[in-house]
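Inside the fold
Each chain is listed here by its residues.
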Amino acid sequence: MIASAVDSRSASENRYGFLRADFDAAYKNMTDSSREFSAALMDVTAELSPEERRARTDSAAQAYEDAHERFLAAVRKLSEFMIGQMISSRSSIHLVTPRR
């Protein structure tokens, strides 16, 4: 029984570690994509034709949109895991009734 609890806890910690790493990577990717999109919008050099500038902006916007979606998915998965952990540990939480 004790080994099972330790294995369960270890699996839970591993899952949290994986989800947290995924969240961190998705967040970094999203912020990097946001910076690239902003840079594409701000770049008004004469070296690019209007079509090339538009294509670069569209590409950066799509990259940001994709990164944002991955970030939202990572947030959802991490939140669901954390809520599940809170619910499963509810039996170990002792509620204190307020004194009057």
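The structure we're discussing is the one just above.
Before going into details, it helps to say that this report is about the structure given with it. (Residues numbered from 1 in each chain as written. Predicted model: local features only at pLDDT ≥ 70, side-chain atom pairs only at ≥ 80, totals over all residues. Heavy atoms only, no water.)

A word on the overall build of the protein chain
Our working rule: Secondary structure elements follow DSSP: runs of H or I of four or more residues count as helices, runs of E of two or more count as strands, with numbering from the N terminus. A simple rule labels every residue: compare its accessible area, found with a 1.4 Å probe on the protein chains alone, to the largest value its type can have, and call it buried under 20%, exposed over 50%, or partly exposed in between. The criterion used for residue contact is that any of the two residues' heavy atoms lie within 4.5 Å. Each accessible area value is a Shrake-Rupley result obtained with a 1.4 Å probe; residue values ignore everything except the protein chains displayed when judging cover.
Of the regular secondary structure elements, the protein chain holds two helices and zero strands. Counting every position in the protein chain, which comprises 100 residues, the buried fraction comes to 15%. Here the contacts in the protein chain between residues at least 6 apart in sequence split such that 71% fall between residues at least 24 apart. Approximately 8200 Å² of the protein chain is accessible, and the part contributed by carbon and sulfur atoms is 58%.

Things to note about the side chain of Thr-57
Checked against the element boundaries, Thr-57 lands in helix α2 (residues 50-88). Take Thr-57: its relative accessible area is 12%, and that puts it in the buried class.

Section: the nonpolar core
The condition is simple: Only buried residues count toward a nonpolar core. Its members are Ala, Val, Leu, Ile, Met, Phe, Trp, Tyr and Cys residues joined through side-chain atoms within 4.5 Å.
The biggest cluster of nonpolar side chains holds nine residues, and these are Leu-19, Phe-23, Ala-26, Met-30, Ala-67, Phe-71, Ala-74, Leu-78 and Phe-81. Counting residues per element, the ones that place at least two in this core are α1 (2-42) and α2. It is α2 that contributes the most residues to this core, five residues altogether. If we ignore the near neighbours within four places in the chain, the residues touching Phe-81 are Ser-12, Arg-15, Tyr-16 and Leu-19.

Considering the pattern of salt bridges
Cut-off, in case you're wondering: When a carboxyl oxygen of Asp or Glu lies within 4 Å of a side-chain nitrogen of Lys or Arg, that pair is called a salt bridge.
Inspection of every chain in the model, using the stated rule, returns six salt bridges. When the shortest N-O distance is used, the salt bridge between Asp-32 and Arg-35 registers 2.8 Å. Of this pair, Asp-32 and Arg-35 both sit in helix α1, three residues apart, which is roughly one turn of that helix. With a relative accessible area of 24%, Asp-32 lands in the partly exposed category. With a relative accessible area of 54%, Arg-35 lands in the exposed category.

Examining the environment of Ala-63
For Ala-63, the location among the structural elements is in helix α2. Distance from Ala-63 to Glu-36, taken between C-alpha atoms, is 9.0 Å for residues 27 residues apart in sequence.

Let's talk about α2
Here is the rule we go by: A helix is expected to reach a length of 1.5 Å times the quantity of its residues less one.
In this model α2 runs 57 Å from its N-terminal to its C-terminal C-alpha over 39 residues, within 8% of the 57 Å that 1.5 Å per residue would give. For α2, the complete set of buried residues consists of Thr-57, Ala-60, Ala-67, Phe-71, Ala-74, Leu-78 and Phe-81.

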